[in-house]
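# Fold and geometry: a report
Here is what each chain is made of, one letter per residue.
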Amino acid sequence: QVQLVESGGGLVQAGGSLRLSCAASGRTFSSYGMGWFRQAPGKEREFVAGINWHDGSTVYADSVKGRFTISRDNAKVTVYLQMNSLKPDDTAVYYCAAHSVRWTIVPTHPKIADFGSWGQGTQVTVSS
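First, a word on scope: everything that follows refers to the structure included in this document. Treat the numbers as computed from the prediction; the structure is a model and nothing was measured.

### Quick look at the overall build of the protein
Scanning the protein for helices and strands turns up zero helices and 11 strands. For the protein, the N- to C-terminal ordering of α and β elements is β-β-β-β-β-β-β-β-β-β-β. Taking 14 Å as the expected radius of gyration for a compact globule of 128 residues, we find that the protein reaches 13 Å, a close match to that expectation. Of all 128 residues assigned to the protein, the portion counted as buried reaches 45%.

Okay, structure coming up:
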């Protein structure tokens, strides 16, 4: 199990940028695929971005491709989500998650059930 704590959310105008951080605990962090999800009011939680444990390769939801970048620093046991060109539709609570199984590739279309450890979430609000 990995414990996760997100930070970096806030209020930003459309077109602006934010950088979310997810600090992890546990010596096994580097062996887990990681992901970011989000949940807007009245909507289901959805996948945003994922990053693999072994080579740092990434996958993105179509809605954020070209605008968001996920990265990880295993030395700092932290995952980041750089969000640029933000839109009001990006408003949501953003959650960091670790894959349920170590040494497992994050699939192209991950499911919530693929991830076993979750942070508490951080609110991102984009004003128009």
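### Re unusual backbone geometry
In this structure, V77 is a non-glycine residue whose phi angle is positive, near 45 degrees. Overall, the relative accessible area of 27% leaves V77 in the partly exposed class.

### Focus: the nonpolar core
In terms of nonpolar packing, the biggest core is built from 36 residues, with M34, W36, L81, M83 and Y94 touching the most fellow members. Secondary-structure elements contributing two or more residues to this core are β3 (18-25), β4 (34-39), β5 (46-51), β6 (58-60), β7 (68-73), β8 (78-83), β9 (92-99) and β11 (122-127). With near-sequence residues (within four places) excluded, M83 lies in contact with G16, S17, L18, L20, R67, F68, Y94 and V124.

### Some details on the packing of aromatic side chains
Across all of its chains, the model carries four aromatic pairs by this definition. The interplanar angle of 75 degrees and the centroid separation of 5.1 Å between the aromatic rings of F37 and F115 together place this pair among those described as edge-to-face. One end of the pair, F37, is in strand β4; the other, F115, is in strand β10 (residues 115-118), and 78 residues separate them in sequence. Over the ring of F29 we find R72; its NZ or CZ atom is 4.7 Å from the centre of that ring.

Conventions used here
- Residues numbered from 1 in each chain as written.
- Predicted model: local features only at pLDDT ≥ 70, side-chain atom pairs only at ≥ 80, totals over all residues.
- Heavy atoms only, no water.
- Helix = DSSP H or I, 4+ residues; strand = E, 2+ residues; numbered from the N terminus.
- Rg over C-alpha atoms; globule rule 2.2 N^0.38 Å.
- Buried < 20%, exposed > 50% of the residue type's maximum accessible area, 1.4 Å probe, protein only.
- Core = buried A, V, L, I, M, F, W, Y, C linked by side-chain atoms within 4.5 Å.
- Contact = heavy atoms within 4.5 Å.
- Phe/Tyr/Trp six-rings, centres within 6.5 Å; stacked < 30°, edge-to-face > 60°.
- Lys NZ or Arg CZ within 6 Å of the ring centre and 35° of its normal.

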